[in-house]
Amino acid sequence: MRIARFSIDGNVAFGAVEGDKPDELVVDIIKGSPYVADFELSGVKVPLSKVRLLPPVIGHKIVAFGRNYAEHAKELGSEVPEAPFAFFKPATSMIGSGDAIMYPPFSEEVHHEAELAVVIGRMCREVPRERVKDVIFGYTCANDVTARDVQRSEKQWARAKGFDSACPLGPWVETDIDLAAANDLTIQCTVNGQQRQLGRTSEMVHDIEDLIVNITEAMTLLPGDVILTGTPAGVGPLNVGDEVAVTIEGIGTLTNKVIKRG
């Protein structure tokens with residue numbers, strides 16, 4: 001099931017996206033929250049073209065893992081960490097598909113980073129590897145937008161990776177991908193229609209199970225929290241006016257345009 005969060009006529013709701021052809025997709029509005037067991041569809045359907053897609057989660061935390069693809073670490077001149085290497089992006093950095101990435105005034109080198117995002121479905125802590133599948137709600141596309149010059153110049157990555165609009169997510173959460181499949185999906189990023197990144201999640205140094213085991217050793221995850229799993233090689237610059245698209249096999253395409261902030 002594809003779970004979207006959207007606004008229409010000033011109201012915000014979750015819905016199940018139905019249909020196969022892009023111009024015929026509809027959203028069946030969900031009664032309440034999809035994170036409640038046995039949620040119900042209302043039967044009230046609206047064309048997807050009539051709604052504004054929002055970030056498909058209401059997350060408390062975005063936990064991102066860096067240098068989790070060896071070729072990406074190499075292109076940045078970095079070592080591959082022996083253990084998963086985590087950092088945070090604030091919830092205020094989230095935007096939805098179709099929203100604008102705002103180029104921050106304190107940077108002159110903003111990069112795209114296409115990533116698979118894991119959405120947590122239940123409160124969990126100290127999750128053993130064999131139970132990881134039980135805490136996952138689904139998967140979505142992410143773009144770990146990064147002010148690369150700021151990342152190089154500052155020891156902490158809070159500003160480089162946490163500025164407003166630095167975490168596009170969407171277009172929806174796909175709940176029908178099992179864990180084995182999620183560990184071997186194609187990831188692609190294009191800028192203005194030209195391919196920049198192409199890889200597979202099977203290239204991750206630490207797989208999804210490793211990442212969730214690692215972070216839940218330290219902290220509790222809540223429903224709607226997001227785990228960013230790292231980016232393949234090929235990251236590169238974004239400029240004002242560019243349109244960047246992240247496509248992940250079996251999920252969909254997340255598209256955003258870059259504008260000047262302010």
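Above this text is the structure in question.
Described in the following lines is the structure provided in the data block. This one's a predicted model, so the numbers in the text were calculated from it and none came from an experiment.

**Section: the packing of aromatic side chains**
Moving on, step 1. Counted by the stated rule, this structure contains 5 aromatic pairs.
Moving on, step 2. Consider the rings of Tyr35 and Phe137, whose centres lie 4.6 Å apart with planes at 40°: the pair is tilted. Linking Tyr35 in the loop between β3 (26-31) and β4 (40-47) with Phe137 in strand β12 (residues 136-143), this pair joins segments that are 102 residues apart in sequence. Like Phe137, Tyr35 is buried.

**A closer look at the side chain of Ser107**
Moving on, step 1. Of note, Ser107 is situated in the loop between β9 (100-103) and β10 (110-112).
Moving on, step 2. Among the residues examined, Ser107 registers a relative accessible area of 6% and is labelled buried.
Moving on, step 3. Of note is the side chain of Ser107, whose polar atom sits 3.1 Å from the backbone nitrogen of Glu109.
Moving on, step 4. A distance of 2.8 Å separates the side chain of Ser107 from the side chain of Asp149, its partner in a polar contact.
Moving on, step 5. In this view, Ser107 contacts Ala147, Asp149 and Val150; residues no more than four positions away in its chain are not counted.

**With respect to the sheet that holds strand β16 (residues 194-200)**
Moving on, step 1. Taken in spatial order, the 5 strands line up as β9-β20-β19-β15-β16 in an open sheet, and their pairing is mixed. Two strands in the sheet have a free side with no partner beyond their single neighbour: β9 and β16. Pairs of neighbouring strands in the sheet enclose a mean axial angle of 20°, with direction left out of account.
Moving on, step 2. Sheet analysis places strand β19 (residues 243-248) next to strand β20 (residues 252-260), joined by 6 bridges and oriented antiparallel. Opposite Glu243, over in β20, you have Lys257 as the bridge partner.

**Some details on the environment of Ala70**
Moving on, step 1. Relative to the assigned elements, Ala70 resides in helix α1 (residues 70-75).
Moving on, step 2. Assessed through its relative accessible area of 38%, Ala70 is described here as partly exposed.
Moving on, step 3. Sequence separation of Ala70 and Pro81 is 11 residues, and the distance between their C-alpha atoms is 9.4 Å.
Moving on, step 4. Not counting the four nearest positions on each side in its chain, Ala70 is found in contact with Val80 and Val205.

**Describing the environment of Arg125**
Moving on, step 1. Note on placement: Arg125 falls in the loop between β11 (114-120) and α2 (132-135).
Moving on, step 2. Considered as a pair, Arg125 and Asp99 are 26 residues apart in the sequence and their alpha carbons are 33 Å apart.
Moving on, step 3. Each residue touching Arg125, except ones within four places of it in the same chain, is listed here: Thr216, Met219 and Thr220.

**Concerning the layout of surface pockets**
Moving on, step 1. Taken as a whole, the largest pocket holds about 290 Å³ of empty space.
Moving on, step 2. Lining the largest pocket are 20 residues, and of these Arg67, Leu76, Arg148, Gln151 and Trp157 lie nearest its centre.
Moving on, step 3. Of all the elements in the fold, those that place two or more residues in the lining of the largest pocket are β6 (62-66) and α3 (148-153).
Moving on, step 4. No other element matches α3, which puts 3 residues into the lining of the largest pocket.
Moving on, step 5. Here the lining of the largest pocket is built from residues that sort into 4 nonpolar, 7 polar and 9 charged.
Moving on, step 6. Its volume calculated, the second largest pocket comes out at about 160 Å³.

Thresholds, definitions, all that
Residues numbered from 1 in each chain as written. Predicted model: local features only at pLDDT ≥ 70, side-chain atom pairs only at ≥ 80, totals over all residues. Heavy atoms only, no water. Phe/Tyr/Trp six-rings, centres within 6.5 Å; stacked < 30°, edge-to-face > 60°. Helix = DSSP H or I, 4+ residues; strand = E, 2+ residues; numbered from the N terminus. Buried < 20%, exposed > 50% of the residue type's maximum accessible area, 1.4 Å probe, protein only. Polar contact = N/O pair within 3.5 Å; in protein donor to acceptor, adjacent residues only side chain to side chain. Contact = heavy atoms within 4.5 Å. Pairing = 2+ DSSP bridges. Axes fitted to C-alpha atoms, helices over the stretch in contact; angles between N-to-C directions. 1 Å grid on protein atoms, 1.4 Å probe; cavity = no way out; pocket = protein on both sides within 12 Å on 5 of 7 lines; lining within 4 Å. Points joined across faces, edges and corners; volume = space filled by probe spheres on them. Nonpolar A, V, L, I, M, F, W, Y, C, P; charged D, E, K, R; others polar.

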